[in-house]
Amino acid sequence: MLKVSCIECEKEHVLDFEYESEFFDSGDMGVQTEHIGSAQDTCSCGEEMSVHKRHMEYPPGQIEFSEESEEGCIILEEPSLPISGE
Ligand SMILES: [Zn+2]
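Residues numbered from 1 in each chain as written. Predicted model: local features only at pLDDT ≥ 70, side-chain atom pairs only at ≥ 80, totals over all residues.

So what's going on with the sheet that holds strand 5 (residues 48–57)? Residues and values would help.
Spatially, the four strands line up as an open sheet ordered 3-4-5-6, and their pairing is antiparallel. Since the sheet does not close on itself, it has two edges, and those belong to strand 3 (19–24) and strand 6 (63–71), each with one partner. The sheet shows a mean angle of 10° between the axes of neighbouring strands, taken without regard to direction. Summarising the sheet, strand 3 and strand 4 (residues 32–42) pair through six bridges and their orientation is antiparallel. Residue glutamate 20 lies in a different strand from strand 4, and its bridge partner there is isoleucine 36. (Pairing = 2+ DSSP bridges. Helix = DSSP H or I, 4+ residues; strand = E, 2+ residues; numbered from the N terminus. Axes fitted to C-alpha atoms, helices over the stretch in contact; angles between N-to-C directions.)

As structure tokens, then:
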């Protein structure tokens, strides 16, 4: 779940957002995991809203880097990070 507000009319929306994870066998410090999630919707004002997120987790439990982009909206509430475990 991801809460955003439309950049155009400021209406709030809750988008369906789920991460999908892909695992890579990487070596020394364990498994490397790529988490990708995206959500999109059209506001009642016609604005197209979309959010994309990508996180690399390595070593396990730590985000190595993140890429995020959003269009047509502002993120109000971030989805919880898909970190596998501490
Ligand atoms: Zn709108």
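Okay, back to it.
Requested: an account of the environment of valine 14, with residues and values cited.
In this fold, valine 14 is placed in strand 2 (residues 12–15). Along the backbone, valine 14 and serine 80 are 66 residues apart, and their C-alpha atoms lie at a distance of 14 Å.

Hey, could you go over the nonpolar core for me, with residue numbers and the actual values?
Counting eight residues, the largest nonpolar core consists of Leu2, Val4, Cys6, Ala39, Cys43, Met49, Val51 and Cys73. Looking at which element gives the most residues to this core, the answer is strand 1 (residues 2–6), with three residues. Non-local contacts of methionine 49, meaning those with residues more than four positions away in its chain, are made with Val4, Cys6, His13, Gln40, Asp41, Cys43, Glu71, Gly72 and Cys73. (Core = buried A, V, L, I, M, F, W, Y, C linked by C-beta atoms within 7 Å. Buried ≥ 20, exposed ≤ 12 C-beta atoms within 10 Å, placed from the backbone. Contact = placed C-beta atoms within 7 Å.)

So, the environment of lysine 11: which residues are in play, and what are the values?
Among the secondary structure elements, lysine 11 is positioned in the loop between strand 1 and strand 2. Placed ten residues apart in sequence, lysine 11 and methionine 1 show a C-alpha to C-alpha distance of 16 Å. For lysine 11, the residues in contact, after removing those within four places along its chain, are Ser5, Cys6, Cys43 and Ser44.

I'd like a rundown of the sheet that holds strand 2, residues and numbers included.
The three strands are arranged 2-1-7 in an open sheet whose pairing can be described as antiparallel. Strands with a single pairing partner mark the edges of an open sheet, and in this sheet they are strand 2 and strand 7 (73–77). Each strand axis lies, on average, 35° off the axis of its neighbour in the sheet, ignoring direction. As defined by bridge partners, strand 1 adjoins strand 2 across four bridges and the pair is classed as antiparallel.

For the pairing of strand 5, give the residues involved together with the corresponding values.
Looking along a regular strand, one sees side chains alternate from face to face of the sheet. By the alternation rule, side chains of strand 5 split into Met49, Val51, Lys53, His55 and Glu57, which are all buried, and Glu48, Ser50, His52, Arg54 and Met56, of which none is buried. The sheet contact formed by strand 4 and strand 5 spans ten bridges and is antiparallel. The residue bridging glycine 37 from the neighbouring strand is lysine 53, located in strand 5. Hairpin connection of strand 4 to strand 5: five residues between the antiparallel strands, including glycine 46 at a positive phi of 100°. Across eight bridges, strand 5 lies against strand 6 in antiparallel orientation. For lysine 53, the partnering residue across the bridge sits in strand 6 and is glutamate 68. Joining the antiparallel neighbours strand 5 and strand 6 is a turn of five residues, in which glycine 61 adopts a positive phi near 95°.

Any functional reading would require information that these geometric values do not contain.
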